[in-house]
Amino acid sequence: MKIIMAKHAGFCFGVKRAVDAIEKSLENSQKVWTIGLPIHNPQEVARLEAMGLKVANNADEIPSGAEVLIRAHGEALNVIESLRSRDVKVRDMTCLFVRKAQDYAKSLSEKDYHVVLLGDKNHPEIKGIMGHAVNENNVEVVANEAEAEKISRYPKIALISQTTQREERLANVAAILIRKCLTLHVCNTICKATAERQDAVKELVTNNDVDGAVLIGGRASANTGKLRDIIKSHNIEVLWIEDENEIESNLDWFKNKNTIGIAAGASTPEWLIDKIKKQIGVRS
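Let us look at the structure shown here. (Residues numbered from 1 in each chain as written. Predicted model: local features only at pLDDT ≥ 70, side-chain atom pairs only at ≥ 80, totals over all residues. Heavy atoms only, no water.)

It is worth spelling out the packing of helix 8 (residues 192–206) against helix 9 (residues 222–233) at this point. Packing of helix 8 against helix 9 leaves a shortest axis separation of 9 Å and a crossing angle of 30 degrees. By the angle between their directions, the pair helix 8 and helix 9 is classed as roughly parallel. Relative to helix 9, helix 8 is oriented so that their crossing is right-handed. Across the interface between the two elements, Arg197, Gln198, Val201, Lys202 and Val205 of helix 8 pack against Lys226, Leu227, Ile230 and Ile231 of helix 9. Class assignment for the residues of the contact of helix 8 with helix 9 results in five nonpolar, one polar and three charged. (Axes fitted to C-alpha atoms, helices over the stretch in contact; angles between N-to-C directions. Helix = DSSP H or I, 4+ residues; strand = E, 2+ residues; numbered from the N terminus. Parallel < 35°, antiparallel > 145°, perpendicular 65-115°, else oblique. Left-handed = near helix turned anticlockwise from the far one by under 90°. Contact = heavy atoms within 4.5 Å. Nonpolar A, V, L, I, M, F, W, Y, C, P; charged D, E, K, R; others polar.)

Below, the structure written as structure tokens:
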């Protein structure tokens, strides 16, 4: 069985930067926290927790005097201000692309734009971006074109994208919103690494005669979910797994396949990708 790896896979710059910062802080302190999971990969989170990382459900759980790292997904302004008021040392490791989206939400809402966010309303990145707008009541979240059609008319609309969205969907939503306002400001805040991984997956499943694709990543990972959607849109069978143990329970999936493509989300560590590649190689 032939195995082909996508050209771009695994940690993006923003995730690697945040993980490196967590590891460095853990070397120097026994009280390092994040609010929510630092990345959407349970195996990597478990590794960091074994090193001493504490994961809080919310800011109120962070004890005074502790050190907290703002994860790559970012956080709302009021949360960061609340932490600093309690003498918590804050290290902001928000991804630069997410920071750009936050800045757009703040500046455009200050200019009286009705802000429309394209993404998952329950995702921490979207919640953080909303928390930078001057008036959250003037912010709406849409997940797709159908929800964009329900937006009311406004004099000015600003469209900001979650960094893991697909450019095709951003363009489609923009085409819908232009009919609902006099002025539309579109902010293409899709992460370059996200676009690279999506393009790499397209190439993997269209140019290599693959019989199926193994997708590695946490099931809560938005960017990994988008890669799954791309693979399925090309009528390629996809096996989405989180770790090497899932190979054993899916051996039938590999039967009669001559060429397997492997892709991984931007929150998947290289050590886990290597484990799975080795496991697939052994089973082939």
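Another aspect to go through is the pairing of strand 6 (residues 114–118). Among the five residues that make up strand 6, five are buried, leaving the element largely enclosed by the rest of the structure. A two-sided burial pattern is seen for strand 6, the buried positions comprising His114, Val116 and Leu118 on one face and Val115 and Leu117 on the other. Pairing geometry for strand 6 and strand 8 (residues 154–161), over five bridges, is parallel. Along strand 8, the bridge assignment pairs Val115 with Ala158. For the handedness criterion, the β-α-β arrangement of strand 6, helix 5 (residues 124–130) and strand 7 (residues 139–142) is classed as right-handed. (Buried < 20%, exposed > 50% of the residue type's maximum accessible area, 1.4 Å probe, protein only. Pairing = 2+ DSSP bridges. Right-handed = clockwise from strand over helix to strand, strands pointing away.)

All right, on to the nonpolar core then. A general feature of soluble globular proteins is that nonpolar side chains tend to end up buried together. With 20 residues, the main nonpolar core has Ile22, Leu53 and Leu69 as its most contacted residues. Among the elements that take part in this core, helix 1 (residues 13–28) stands out by supplying six residues, more than any other. Contacts of Ile22, omitting those with residues within four sequence positions, involve Thr34, Pro38, Leu48, Leu53 and Leu69. (Core = buried A, V, L, I, M, F, W, Y, C linked by side-chain atoms within 4.5 Å.)

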